[in-house]
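# Coordinates in review
Now for the letters of each chain:
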Amino acid sequence: SNATAFVPALVASGLPNEKFCFEGFLPQKKGRMTKLKSLVDEHRTMVFYESPHRLLKTLTQFAEYFGPERQVSVSREISKIHEETVRGTLSELIEHFTATDPRGEIVIVLAGIDD
């Protein structure tokens, strides 16, 4: 996927988008916890790519590190023109994707820490 694929997802998230940081895919094993710890104090909106089968694991880890009430948005591209976006707190989205299997390429947009 190209580098700008996340832009519609960032806009659809409804989260502040004047300042954001693009994180791409998190490291799978080595360096993953270090990366998450380094983002705990991030004030900018964070953008991640994730595969559907790892989405719940990632959202659950986000809840552990950033708190279950942090606002988040998950978008998947259904086609080049149609995108589905689910917004809420991390705990709400964990609940949603436990009940509904995620599919397709996924963009996670996570709110930064409140100033």
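Residues numbered from 1 in each chain as written. Predicted model: local features only at pLDDT ≥ 70, side-chain atom pairs only at ≥ 80, totals over all residues. Heavy atoms only, no water.

## Digging into the overall build of the protein
Secondary structure assignment for the protein yields 4 helices and 5 strands. Walking the protein from its N terminus toward its C terminus, one meets helices and strands in the order α-β-α-β-α-β-β-α-β. By the compact-globule yardstick of 13 Å for 115 residues, the protein fits well, its C-alpha radius of gyration being 13 Å. In terms of overall dimensions, the protein has a C-alpha envelope of 35 × 30 × 25 Å along the principal axes. (Helix = DSSP H or I, 4+ residues; strand = E, 2+ residues; numbered from the N terminus. Rg over C-alpha atoms; globule rule 2.2 N^0.38 Å.)

## Description of the nonpolar core
Among the nonpolar cores identified, the biggest contains 21 residues, and Leu59, Phe62 and Ile108 are the most heavily contacted of them. Of all elements in the fold, only helix H2 (32-39), strand E2 (45-50), helix H3 (55-66), strand E3 (71-77), helix H4 (90-99) and strand E5 (106-110) reach the threshold of two or more residues within this core. For this core, the leading source of residues is H3, giving 5 residues. Beyond its immediate stretch of four places on either side in the chain, Leu59 contacts Val72, Val74, Leu90, Leu93, Ile94, Phe97 and Ile108. Core analysis: the second largest hydrophobic core is formed by 9 residues, Ala9, Leu10, Val107 and Ala111 among them. (Core = buried A, V, L, I, M, F, W, Y, C linked by side-chain atoms within 4.5 Å. Buried < 20%, exposed > 50% of the residue type's maximum accessible area, 1.4 Å probe, protein only. Contact = heavy atoms within 4.5 Å.)

## A closer look at the packing of H3 against H4
For any two helices packed against each other, one specifies the inter-axial angle together with the distance between the axes. Here H3 crosses H4 at 160 degrees, and the two axes come no closer than 9 Å. On the basis of their axis angle, the class for H3 and H4 is roughly antiparallel. Between H3 and H4 lies a crossing of left-handed hand. Between H3 and H4, the contacting residues are Leu55, Leu56, Leu59, Thr60, Phe62, Ala63 and Phe66 on the first element and Leu90, Leu93, Ile94, Phe97 and Thr98 on the second. Partitioned by chemical class, the residues of the contact of H3 with H4 number 10 nonpolar, 2 polar and no charged. (Axes fitted to C-alpha atoms, helices over the stretch in contact; angles between N-to-C directions. Parallel < 35°, antiparallel > 145°, perpendicular 65-115°, else oblique. Left-handed = near helix turned anticlockwise from the far one by under 90°. Nonpolar A, V, L, I, M, F, W, Y, C, P; charged D, E, K, R; others polar.)

## Digging into the packing of H2 against H3
The interhelical angle for the contact between H2 and H3, taken along N-to-C directions, is 50 degrees, at an axis separation of 10 Å. By the angle between their axes, H2 is oblique relative to H3. Like other packed secondary-structure pairs, H2 and H3 cross with a definite hand, here right-handed. Between H2 and H3, the contacting residues are Arg32, Met33, Leu36, Lys37 and Leu39 on the first element and Lys57, Thr58, Gln61, Phe62, Tyr65 and Phe66 on the second.

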